[in-house]
Amino acid sequence: MTTPPTIPVAKPIIGDEERAEVDRVLRSGMVAQGPEVATFEEEFAAALVAGRECVAVNSGTSGLHLGLLAAGIGPGDEVIVPSFTFAATANSVALTGATPVFADIEPDSFCLDPASVAAVVTDRTRGIMPVHLYGQSADMAGLGSIAQQHGLALFEDAAQAHGATFEGRPVGTLGTFGTFSLYPTKNMTSGEGGMVSCDGDVAHRVRLLRNQGMAKQYANELVGLNNRMTDIHAAIGRVQLRRLAGWTEDRRGNAAFLDAHLENVVVPTVREGSTHVYHQYTIRVDGDRDGMVQALREEHGVGSGVYYPIPNHRLPSFDLDIDLPETERAARQVISLPVHPSLSTGDLERVVEAVNAVAKAGA
Ligand SMILES: *Cc1c(COP(=O)(O)O)cnc(C)c1O
């Protein structure tokens with residue numbers, strides 16, 4: 001018997017249209033930040049965060065960093081973040097000179113738990129930065145009331161949640177700023193890139209900060225960075241943006257299939273009133289999680305991922321001795337299964353058969 005090729009856990013889709021648009025920009029001779037970036041910003045805002053302004057940058061991490069700087073976060077400040085996320089969340093806080101303070105997550109959504117956040121507010125806390133993990137919004141109502149009570153800002157790490165909504169409102173419109181990542185494995189890509197959704201003064205400062213603090217050439221108003229997006233990347237992003245809604249529907253359809261057929265594992269839940277965009281489809285398993293990942297790959301040719309095996313507070317870069325029990329439990333139990341738009345029905349059936357067989361064998 002020949003083994004079919006392994007089903008990858010993520011698969012960026014780059015097509016002829018992206019290639020043609022990159023070629024068009026290259027031939028124009030204008031490749032750094034220019035008209036493509038400006039158009040991409042307008043189209044992204046209209047499609048995903050209507051009513052807001054968008055500022056394109058060279059990565060999601062840069063977007064979080066510049067958003068925080070633009071919001072006035074700096075040395076002496078504390079910003080509350082989850083520990084169960086990619087390190088970029090806390091890194092972006094630390095890079096401003098402020099201190100990331102880690103709080104625990106809700107067991108169902110895997111996102112910041114408002115009660116845990118309330119317990120770590122101090123007189124130095126300036127903001128809360130939830131992550132809309134795996135493509136589902138954090139509890140922005142619960143976090144919003146804590147923010148209001150203590151006079152804190154809300155910042156959104158929407159790196160994984162393009163198009164998700166909370167109580168009918170799109171993520172990226174629920175705080176001072178929201179940042180989307182355009183890294184290849186995210187729900188859409190520009191190669192590398194990020195988009196900051198914001199308004200007014202914050203948008204103005206993000207624009208300055210991404211360009212050495214200049215609005216006018218050589219008249220630098222602020223100390224800034226070079227975090228610009230190129231027109232080449234924007235051209236890719238514009239094509240991907242047009243395809244995003246269809247891909248999100250495909251992800252939801254794939255998730256519904258997995259929901260309906262998986263057995264003996266805890267499948268993801270969707271918060272009442274929210275919509276999920278399934279950047280990841282993440283289950284929990286009791287027992288030998290790492291053994292299950294290995295068995296899925298080696299015995300069934302099914303790729304999977306563990307996002308994230310080490311909570312941020314225990315990474316060598318932060319190394320804090322704090323107790324976040326739901327974060328620790330999730331880090332031990334989660335497995336993300338393929339849910340991307342390239343899966344065929346046959347692929348989904350293979351994923352289901354593999355997971356059910358391994359879970360039944362008691363991995
Ligand atoms: C991917 C990601 C980022 C960083 O985005 P980059 O574009 O890779 O810099 C930040 N936060 C979360 C939760 C992410 O998944």
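Here the structure is shown first, and the text comes after it.
Residues numbered from 1 in each chain as written. Predicted model: local features only at pLDDT ≥ 70, side-chain atom pairs only at ≥ 80, totals over all residues. Heavy atoms only, no water.

Chemist: Hey, could you run me through the overall build of the protein in this one?
Modeler: Within the protein one finds 11 helices and 12 strands. Against the compact-globule benchmark of 21 Å for 363 residues, the protein has a radius of gyration of 21 Å, which places it among compact chains. With the principal axes as the frame, the protein shows a C-alpha extent of 65 × 55 × 40 Å. Going through the 363 residues of the protein one by one, you find that 55% of them count as buried. Sequence separation of at least 24 residues holds for 70% of the intrachain contacts in the protein that already meet a minimum separation of 6. Element-wise, carbon and sulfur atoms account for 51% of the exposed surface of the protein, whose accessible area totals about 15,100 Å². For the protein, the separation between the mean place of its 28 positive charges and that of its 44 negative charges on side chains is 5 Å. (Helix = DSSP H or I, 4+ residues; strand = E, 2+ residues; numbered from the N terminus. Rg over C-alpha atoms; globule rule 2.2 N^0.38 Å. Buried < 20%, exposed > 50% of the residue type's maximum accessible area, 1.4 Å probe, protein only. Contact = heavy atoms within 4.5 Å. Areas by Shrake-Rupley, 256 points an atom, 1.4 Å probe, with all protein chains shown as cover. Lys, Arg positive; Asp, Glu negative; His and termini not counted. Charge placed at Lys NZ, Arg CZ, Asp CG, Glu CD.)

Chemist: Would you mind going over the side chain of Asp 139 with me for this structure?
Modeler: Assignment of secondary structure puts Asp 139 in the loop between strand S4 (125-128) and helix H6 (140-150). It is Arg 271 that comes nearest to the buried, bridge-free Asp 139 among opposite-charge side chains, at 4.6 Å. Within the local environment of Asp 139, its side chain forms a polar contact with the backbone nitrogen of Ala 141, the two atoms lying 3.2 Å apart. With near-sequence residues (within four places) excluded, Asp 139 lies in contact with Glu 106, Pro 114, Phe 166 and Arg 271. (Salt bridge = Lys/Arg side-chain N within 4 Å of Asp/Glu carboxyl O. Polar contact = N/O pair within 3.5 Å; in protein donor to acceptor, adjacent residues only side chain to side chain.)

Chemist: Even after reading the chapter, I still don't get the packing of aromatic side chains, so can you show me in this structure?
Modeler: For any pair of aromatic rings, the description rests on two quantities: the centre-to-centre distance and the angle between the ring planes. With the rule as written, the count across this model stands at 11 aromatic pairs. Judged by centre distance (5.3 Å) and plane angle (65°), the ring pair of Phe 44 and Phe 180 falls under edge-to-face. Note that Phe 44 is positioned in helix H2 (residues 35-48) and Phe 180 in strand S8 (residues 177-181), a separation of 136 residues in sequence. For Phe 180, a relative accessible area of 0% translates into the label buried. Through a chain of ring-to-ring contacts, the aromatic side chains of Phe 84, Phe 86, Phe 110, Tyr 134, Tyr 307 and Tyr 308 assemble into a single cluster. (Phe/Tyr/Trp six-rings, centres within 6.5 Å; stacked < 30°, edge-to-face > 60°.)

Chemist: How should I be thinking about the environment of Asn 312 in this particular structure?
Modeler: Its location among the elements puts Asn 312 in the loop between helix H9 (289-300) and helix H10 (325-333). Between the C-alpha atom of Asn 312 and that of Val 339, which follows or precedes it by 27 residues, the distance is 25 Å. Setting aside anything within four residues of it in sequence, one finds Asn 312 in contact with Ser 83, Thr 85, Phe 86, Ala 87, Ala 90, Phe 102 and Phe 318.

Chemist: Sorry if this is basic, but what is going on with the layout of surface pockets here?
Modeler: The method is simple in principle: a probe with the dimensions of a water molecule rolls over the atoms, and the space it marks as empty is what remains. Taken as a whole, the largest pocket encloses approximately 400 Å³ of empty space. Lining the largest pocket we find 24 residues, and of these Phe 86, Ser 181, Tyr 183, Lys 186 and Tyr 308 sit closest to its centre. Secondary structure elements with two or more residues in the lining of the largest pocket: helix H3 (60-70) and helix H4 (88-95). Of all the elements, H3 adds the most residues to the lining of the largest pocket, at 3 residues. Split into classes, the residues belonging to the lining of the largest pocket amount to 10 nonpolar, 11 polar and 3 charged. Viewed by domain, the lining of the largest pocket spans two of them, domain 1 (16-239) and domain 2 (245-361), each represented by three or more residues. Space inside the second largest pocket adds up to approximately 160 Å³. Lining the second largest pocket are Ala 47, Leu 48, His 162, Gly 163, Leu 241, Leu 244, Ala 245, Thr 248, Glu 249, Arg 252 and Thr 275. Take the lining of the second largest pocket: its biggest share by element is 6 residues, from helix H8 (residues 231-261). Looking at side-chain class alone, the lining of the second largest pocket contains 5 nonpolar, 4 polar and 2 charged residues. Two domains each donate at least three residues to the lining of the second largest pocket, and these are domain 1 (16-239) and domain 2 (245-361). (1 Å grid on protein atoms, 1.4 Å probe; cavity = no way out; pocket = protein on both sides within 12 Å on 5 of 7 lines; lining within 4 Å. Points joined across faces, edges and corners; volume = space filled by probe spheres on them. Nonpolar A, V, L, I, M, F, W, Y, C, P; charged D, E, K, R; others polar. Domains from an automatic or database assignment.)

Chemist: Any chance you could explain the environment of Arg 332 here in plain terms?
Modeler: Structurally, Arg 332 can be placed in helix H10. Separated by 24 residues in the primary sequence, Arg 332 and Tyr 308 place their C-alpha atoms 8.9 Å from one another.

Chemist: What am I meant to see in the environment of Glu 249 here?
Modeler: Inspection of the secondary structure puts Glu 249 in helix H8. The spacing of Glu 249 and Tyr 278 is 29 residues in sequence and 9.8 Å in space, taken between C-alpha atoms.

Chemist: Mind showing me how you'd approach the sheet that holds strand S9 (residues 194-198) here?
Modeler: Whether parallel or antiparallel, the strands of a sheet pair through hydrogen bonds between backbone atoms. Strand order across the open sheet formed by 7 strands is S1-S9-S8-S5-S4-S2-S3, with mixed pairing between neighbours. Here the strands that pair on one side only, and so sit at the sheet edges, are strand S1 (53-57) and strand S3 (99-103). Ignoring strand direction, the axes of neighbouring strands in this sheet form an average angle of 25°. Bridging between strand S2 (residues 78-82) and S3 involves 5 bridges; their strand directions are parallel. Considered in S3, the bridge of Val 79 is made with Pro 100. In the packing of H3 onto the sheet, the strands contacted are S1, strand S5 (153-157), S8 and S9, and the crossing angle to S8 comes to about 165°. (Pairing = 2+ DSSP bridges. Axes fitted to C-alpha atoms, helices over the stretch in contact; angles between N-to-C directions.)

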